[in-house]
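Tertiary structure, described
Spelled out from the first residue to the last, the chains are:
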Amino acid sequence: MTDVAENTLPAADPAETPAVERTLVLVKPDGVRRGLSGEVLRRIEAKGYGLAAVQLVTATPELLEAHYAEHVGKPFYQPLVDFMLSGPTLAVVAEGQDVIKGFRSLAGATNPTEAAPGTIRGDLGRDWGVKVQQNIVHGSDSPESAAREIGLWFPGL
Ligand code: IDP
Ligand code: MG
């Protein structure tokens, strides 16, 4: 019989435990409308990440201008904002080691037509006549973006 205690890992030394990373995930209005919020949360949890905050949010033009600051002025900016205002968004803070990169990997390529099968965008997304705009999820792309975006969508966190 296996001694359970023998298989127990020693307690992590807090001084050596890396800070748990956080990322902002959005289930965009197309994902919420299509009833995919639960499926996206399921994939985040099945991968092993934790949920630190989940809230249904109705975005405003001001919030989206701050969130998509890097895209202001691009041809797809205003249609993107109109799409993001077309219904509620599920805002999520997910956490775990390297979760920023890990969720981007779960999400797949920006263009849902090209996103690999097995990814959220590859399995659940397609071109609905608007090319790459409606791609179900957003995920922060760097620690700096994550901190900024979490502050925008969860000012109290
Ligand atoms: P990402 O979401 O994979 O990080 P970004 O290049 O940061 O992709 O673009 C932000 C969002 O803007 C995309 O997820 C998509 O919804 C939309 N988008 C990006 N490029 C285009 C485009 O060429 N046409 C229409 N929408 C676009
Ligand atoms: Mg981006």
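Residues numbered from 1 in each chain as written. Chains lettered and ligands numbered in written order. Predicted model: local features only at pLDDT ≥ 70, side-chain atom pairs only at ≥ 80, totals over all residues. Heavy atoms only, no water.

The next point concerns the overall build of the chain. When its secondary structure is counted, the chain shows 7 helices and 4 strands. Traced from its N-terminal end to its C-terminal end, the chain shows the element sequence β-α-α-β-α-α-β-α-α-β-α. Relative to its full complement of 157 residues, the chain shows a buried share of 43%. About 8,700 Å² of surface is accessible on the chain, with carbon and sulfur atoms providing 55% of the total. (Helix = DSSP H or I, 4+ residues; strand = E, 2+ residues; numbered from the N terminus. Buried < 20%, exposed > 50% of the residue type's maximum accessible area, 1.4 Å probe, protein only. Areas by Shrake-Rupley, 256 points an atom, 1.4 Å probe, with all protein chains shown as cover.)

Now for the site of ligand 1. Taken together, Lys28, Tyr68, His71, Phe76, Leu80, Arg104, Thr110, Arg121, Val132, Gln133 and Asn135 form the complete shell of residues around ligand 1. Taking Thr110, its side chain carries an N or O atom lying 2.5 Å from an oxygen atom of ligand 1. (Near = heavy atom within 4 Å. Polar contact = N/O pair within 3.5 Å; in protein donor to acceptor, adjacent residues only side chain to side chain.)

Glancing now at the pattern of salt bridges. Pairing is possible between side chains that carry opposite charge, provided their charged atoms lie close to one another. Per the stated rule, a full pass over the model turns up 4 salt bridges. Taking the shortest distance from any N to any O, the salt bridge between Glu95 and Arg22 comes out at 2.9 Å. Placement of Glu95 in strand β3 (residues 89-95) and of Arg22 in strand β1 (residues 22-27) is noted, with a sequence separation of 73 residues between them. Exposure remark for Glu95: the relative accessible area of 25% places this residue in the partly exposed category. Note on Arg22: relative accessible area 37%, which makes it partly exposed. Glu39 is the partner of Arg43 in a salt bridge, and the nearest nitrogen-oxygen pair spans 2.7 Å. Taken together, the residues span about one helical turn, with Arg43 and Glu39 both in helix α2 (residues 37-47) at a distance of 4 residues. Residue classification places Glu39 among the partly exposed positions, given a relative accessible area of 23%. Residues joined in a network through salt bridges with shared partners are Glu39, Arg42, Arg43 and Asp123. (Salt bridge = Lys/Arg side-chain N within 4 Å of Asp/Glu carboxyl O.)

Turning our attention to helix α4 (residues 77-84). Within α4 the residues assigned to the buried category are Tyr77, Leu80, Val81, Phe83 and Met84. Down the axis of α4, the sector holding all buried residues measures 160°, keeping them to one side. The secondary structure elements touched by the buried residues of α4 are β1, α1 (29-33), α3 (61-67) and β3. (Arc of directions from axis to C-beta. Contact = heavy atoms within 4.5 Å.)

Turning our attention to the packing of aromatic side chains. Using the criterion set out here, one finds 0 aromatic pairs in the structure. The aromatic ring of Trp128 is capped on one face by Arg126, whose charged end is 4.0 Å from the ring centroid. (Phe/Tyr/Trp six-rings, centres within 6.5 Å; stacked < 30°, edge-to-face > 60°. Lys NZ or Arg CZ within 6 Å of the ring centre and 35° of its normal.)

The subject of this paragraph is helix α5 (residues 99-107). Taken together, the buried positions of α5 are Val99, Ile100, Gly102, Phe103, Leu106 and Ala107. Buried residues of α5, viewed axially, fall in a sector of 165°; they line one side. Those residues of α5 that are exposed and angled more than 90 degrees off the buried face are Lys101 and Ser105. Where the residues of α5 are buried, they touch β1, α2, β3, α6 (120-124), β4 (137-139) and α7 (143-153).

The next subject is the environment of Pro112. Position of Pro112 relative to the elements: it lies in the loop between α5 and α6. Placed 10 residues apart in sequence, Pro112 and Gly122 show a C-alpha to C-alpha distance of 5.6 Å. Setting aside chain neighbours within four positions, we find Pro112 in contact with Arg121, Gly122, Gly125, Arg126, Asp127, Lys131, Val132, Gln134 and Asn135.

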